[in-house]
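So you can see what is in the structure, the chains are spelled out below.
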Amino acid sequence: MLERAEIIRQEYLRHDKKFPHVWCPGCGNGIVMNALLRAIHHLELPKDNIVLASGIGCSGRLPTYVDFNTIHTTHGRALTFATGVKLAKPQLSVIAVMGDGDATAIGGNHFIHAARRNLNITAIIINNNTYGMTGGQYSPTTPYGSKSTTSVYGHVEHAFNIAELAVVAGASFVARGTVYHANHLNTMIQQAIVKKGFSVVEVISNCHVQHGRRNKLGNAVQMINSFKENAVPVGKAEGMTAADMQGKFTIGVLCDVEKPVSTEEYDRVRQAAQTEASRIAEEKAKNGVKRYEE
Amino acid sequence: MEASEGQKKILLQGNEAIVHGALAAGCRFFAGYPITPASEISEILSVKLPLVGGTFIQMEDEIASMGAIIGASLAGVKSMTATSGPGFSLIQENLGYACITEVPCVIVNVMRGGPSTGLPTNVAQGDVLMARWGTHGDHPIIVLSVSSVSECFSVTIKAFNLSEKFRVPVIILSDEVVAHTRESVILPNQNEIQVFDRITPSVPPEWYKPYAENNRGVPDMAAVGDGYRHHVTGLVHDERGFPTQQPKEVEQFLNRLHNKITKGFSEIVMTKSFEMEDAEVCVIAYGSVARSAMRAVKDARMQGIKAGMVQLVTLFPFPRKVVDSALRQCKAVIIPEMNMGQISREIHRVNQAGTRIIKHNRIDGHLITPSEILKHLISV
Ligand SMILES: Cc1ncc(C[n+]2csc(CCOP(=O)(O)OP(=O)(O)O)c2C)c(N)n1
Ligand code: SF4
Ligand SMILES: [Mg+2]
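**Things to note about unusual backbone geometry**
Residue and element names in this part refer to chain B.
- Residue P37 is reached from T36 by a cis peptide bond, and omega for that bond is 0°.
- Tracing the chain through its elements places P37 in the loop between β2 (29-32) and α2 (39-51).
- P115 follows G114 through a cis peptide bond whose omega is -5°.
- Mapped onto the secondary structure, P115 falls in the loop between β5 (105-113) and β6 (119-123).
- If you check the backbone angles, R167 has positive phi at about 50° while not being a glycine.
- Its place among the elements puts R167 in the loop between α6 (149-166) and β8 (169-175).
- Of note, the phi angle at E275 is positive, near 55°, even though the residue is not glycine.

Structure follows, in structure tokens:
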């Protein structure tokens with residue numbers, strides 16, 4: 001184990017970057033970064049072929065620390081940049097790392113459209129139920145009744161279920177993991193990267209500093225342990241009632257379907273266009289019509 | 001004029017000519033969102049880009065379009081988007097990102113009446129200062145304008161070249177009249193067209209510093225996936241691309257961003273002069289209004305008035321030298337604009353000689369006519 005940790009540290013962290021990182025001690029973001037690196041290491045993907053795009057937030061800082069082609073974009077827009085990169089160079093593995101606010105508030109429209117479009121891109125959403133970076137305001141996943149710096153009287157809105165949102169928006173692969181289940185998370189990320197089409201991994205993570213503290217959820221360890229208690233594997237949840245599931249959430253693969261991947265569909269468009277153009281050219285040549293414009 | 005061997009004389013709309021120019025310049029990626037009066041650019045590119053192995057994509061909005069073209073350009077592909085007022089508002093956020101990360105890209109804004117949804121099918125020039133200052137923070141940018149179908153072609157090529165050379169987003173301001181006017185133009189042979197591609201690093205990856213100063217002030221640009229793994233961020237960054245707040249590094253970086261444009265001034269600034277040799281009174285105009293101004297100057301000359309015109313092709317960086325000499329030469333300068341006077345502000349700034357400046361503004365959604373300008377030429 002130690003040995004592999006050392007390989008990952010040496011091979012994938014940016015040692016020439018001015019450390020330390022910006023994250024609070026105990027933040028779940030580090031566990032997600034580690035799971036992602038282990039997944040990439042296990043899949044033996046060349047570093048030059050990996051593009052990591054992120055938005056803005058604590059989660060958005062992740063790419064800064066790792067030795068890939070990294071693009072720290074604007075708040076909510078990581079998937080739009082990822083779309084451009086992927087279409088320009090389809091041979092690259094494009095992964096977007098986003099926060100819950102990033103992906104489902106300001107970037108919500110991009111998120112559902114990326115899922116519908118089904119490019120071969122992997123989206124990892126670190127859901128810590130809050131806007132960590134800006135000081136703990138409520139986000140689209142802040143639970144009803146929770147306290148935040150903008151809902152001191154208790155939150156009166158209802159939370160998004162990010163993974164289910166991705167399913168109905170049309171993603172090819174959707175999974176949920178937590179920062180407690182680190183090995184499982186590594187597996188989910190591997191499956192998502194390997195999957196052709198738009199794949200989403202929602203990671204339930206802790207922001208004990210902003211969200212946990214205001215809602216008496218305990219320190220980092222206590223919060224992470226609560227994920228162990230409240231996570232129910234997808235298969236097991238099927239046999240449970242809504243009452244049983246109260247306060248709990250599913251982990252595992254929520255959806256895995258095959259559908260045409262638009263990265264490849266664009267190639268089909270190019271071929272169709274070129275075939276059509278040569279057909280017209282031939283016809284014109286045959287009929288003696290001078291081509292005045294191609 | 002007749003087309004010579006290899007050239008093509010064709011009837012084109014302004015928007016179509018922009019497409020031809022973009023393709024000739026090497027544009028192979030376009031992302032956009034439908035909007036009048038720019039939609040033809042999307043529609044035609046959706047047909048033509050796949051033919052040359054390029055990619056067209058219609059995004060969910062203009063914010064996304066702008067993000068996508070930056071992404072494609074980071075991957076080494078020349079990219080463009082086209083929009084009009086409301087969409088131009090939405091691209092501003094990621095436009096700033098392209099400025100700070102120095103990603104070449106071209107943005108066409110076919111101006112229509114505003115504010116807001118305004119006059120979707122009418123002409124205006126209300127976005128001139130927005131093109132310069134729309135995205136937040138002090139930032140360098142290049143803004144060009146087009147007044148004819150043939151300029152739609154040539155200026156678009158120039159826009160790509162400048163963007164690639166200086167690693168800066170370039171905005172082309174067209175307008176509804178230019179966009180939808182059909183004129184016959186002669187398209188040059190591809191080998192007569194000068195195309196500039198961004199300079200890529202020649203050093204081995206381990207030596208590569210993606211934002212290092214050099215004598216051009218424009219760092220070499222490696223494409224994502226080409227073996228030069230590095231970090232790109234909208235935060236102010238050091239020469240290796242990592243975020244920094246060190247005052248010295250911050251200042252150095254921002255100064256370089258501005259200086260590279262200042263250094264390239266003579267190459268970036270384009271103007272056209274007409275009948276200026278002995279002009280005593282002149283019109284300074286841009287966009288479709290320059291066409292009316294040209295007519296007015298010709299008519300004035302017929303009446304014995306020594307009139308001339310300076311057409312601004314580059315709007316920003318502002319062509320202060322040419323404007324300054326026109327102001328010194330003439331006893332009065334007429335500035336017709338389809339806005340409340342956005343370029344005339346800049347001209348006032350340059351007007352050290354205190355020359356008489358006559359603004360002529362029209363904001364009713366219709367083109368300023370030659371006779372409106374002629375009246376001013378006669379009265380002075
Ligand atoms: C357009 C824009 N609006 C607001 C912000 C300020 N902002 C920075 S991070 C952030 C929220 C981050 O929350 P989330 O995406 O959940 O990431 P976390 O910090 O929790 O990882 C906000 C609102 C911004 N950077 N850009
Ligand atoms: S504020 Fe929260 S999300 Fe951000 S680094 Fe600290 S613990 Fe993590
Ligand atoms: Mg968050």
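**Here's the deal with the domain arrangement of chain A**
All names here are of chain A.
- Domain annotation for chain A reports domain 1 (2-258) and domain 2 (260-294).
- Domain 1 and domain 2 are separated by 42 Å when their C-alpha centres are compared.
- At the interface, nine residues of domain 1 touch seven residues of domain 2.
- At the boundary of domain 1 with domain 2, total buried surface from both sides reaches about 630 Å², with 54% on carbon and sulfur atoms.
- Three residues, L87, N118 and K196, lead the burial of domain 1 against domain 2; their summed loss comes to 54% of the area buried on that side.
- Viewed at the interface, domain 2 and domain 1 are joined by one salt bridge.
- For the salt bridge of E264 with K196, the shortest nitrogen-to-oxygen distance reads 2.9 Å.
- Inspection of the region where domain 1 meets domain 2 yields five residue pairs in polar contact (both at pLDDT 80 or more).
- Taken together, the residues that form the side of domain 1 that touches domain 2 break down as three nonpolar, three polar and three charged.

**Overview of the interface of chain B and chain A**
- Taken together, the 49 residues of chain B in the interface contact 42 residues of chain A.
- Across the chain B/chain A interface, buried area totals approximately 3700 Å², and carbon plus sulfur atoms make up 56% of it.
- One can count six salt bridges joining chain B with chain A.
- The salt bridge partner of R229 of chain B is D67 of chain A, with a shortest N-O separation of 3.0 Å.
- On the surface where chain B and chain A come into contact, there are 24 residue pairs in polar contact (both at pLDDT 80 or more).
- Listing elements by their share of the side of chain B that touches chain A, those giving two or more residues are β1 (8-13), α2, β3 (55-58), α3 (62-74), α4 (85-101) and β10 (231-233) of chain B.
- For the side of chain B that touches chain A, the element with the highest residue contribution is α3 of chain B, accounting for eight residues.
- When the residues that make up the side of chain B that touches chain A are grouped by side-chain class, the tally is 24 nonpolar, 15 polar and ten charged.
- Across three bridges, the pairing between strand β2 (residues 69-72) of chain A and β10 of chain B is parallel. From the neighbouring strand, T70 of chain A faces β10 of chain B, where its bridge partner is H231 of chain B.

**Remarks on the coordination of the magnesium ion (ligand 3)**
Residues and elements named next belong to chain A.
- Protein-derived ligands of the magnesium ion (ligand 3) are D100 (OD), N128 (OD1) and T130 (O), with the metal-ligand distances lying across 2.0 to 2.1 Å.
- Here the donor residues for the magnesium ion (ligand 3) map to a single chain with the spacing D-x27-N-x1-T. Just as N128 is buried, T130 falls in that class too.

**Section: the sheet that holds β2 of chain A**
- With respect to topology, nine strands assemble into an open sheet ordered β9(A)-β10(A)-β7(A)-β8(A)-β4(A)-β3(A)-β1(A)-β2(A)-β10(B), the strand pairing being mixed. Two strands bound the open sheet, and with one partner strand each, they are β9 (231-233) of chain A together with β10 of chain B. Across this sheet, the average inter-strand angle for adjacent strands is 20°, counted without regard to direction.
- One ladder, built from six bridges, connects strand β3 (residues 93-99) of chain A with strand β4 (residues 121-127) of chain A; its direction is parallel.

**Observations regarding the confidence of the model for chain B**
- For chain B, the average pLDDT comes to 97, and 100% of its residues sit at 70 or higher.
- Overall fold confidence for the complex sits at a pTM of 0.97, while the interface term, ipTM, reaches 0.97.

**Description of the site of ligand 2**
- By nearness alone, every residue bordering ligand 2 is listed as W23, C24, C27, C58, N128, G132, C207, H208, V209 and Q210 of chain A.
- Here the shell around ligand 2 is composed, by residue class, of six nonpolar, four polar and no charged.

**Quick look at the pattern of salt bridges**
- For the coordinates displayed, the defined rule picks out 34 salt bridges over all chains.
- Here R117 of chain A and E60 of chain B are joined by a salt bridge, their closest N and O atoms 2.7 Å apart. Of this pair, R117 of chain A sits in helix α5 (residues 108-117) while E60 of chain B sits in the loop between β3 and α3, which puts the two residues in different chains. Accessibility assignment for this pair places R117 of chain A and E60 of chain B in one class, buried.
- Because the salt bridges share partners, they merge into one network encompassing E11, K47, D48 and D67 of chain A together with R229 of chain B.

Reading guide: rules and limits
Residues numbered from 1 in each chain as written. Chains lettered and ligands numbered in written order. Predicted model: local features only at pLDDT ≥ 70, side-chain atom pairs only at ≥ 80, totals over all residues. Heavy atoms only, no water. Helix = DSSP H or I, 4+ residues; strand = E, 2+ residues; numbered from the N terminus. Domains from an automatic or database assignment. Contact = heavy atoms within 4.5 Å. Buried area = accessible area lost by both parts, 1.4 Å probe. Salt bridge = Lys/Arg side-chain N within 4 Å of Asp/Glu carboxyl O. Polar contact = N/O pair within 3.5 Å; in protein donor to acceptor, adjacent residues only side chain to side chain. Nonpolar A, V, L, I, M, F, W, Y, C, P; charged D, E, K, R; others polar. Pairing = 2+ DSSP bridges. Donors = N, O, S within 2.8 Å, 3.2 Å for Na, K, Ca; no water. Buried < 20%, exposed > 50% of the residue type's maximum accessible area, 1.4 Å probe, protein only. Axes fitted to C-alpha atoms, helices over the stretch in contact; angles between N-to-C directions. pLDDT = per-residue confidence, 0-100. Near = heavy atom within 4 Å.

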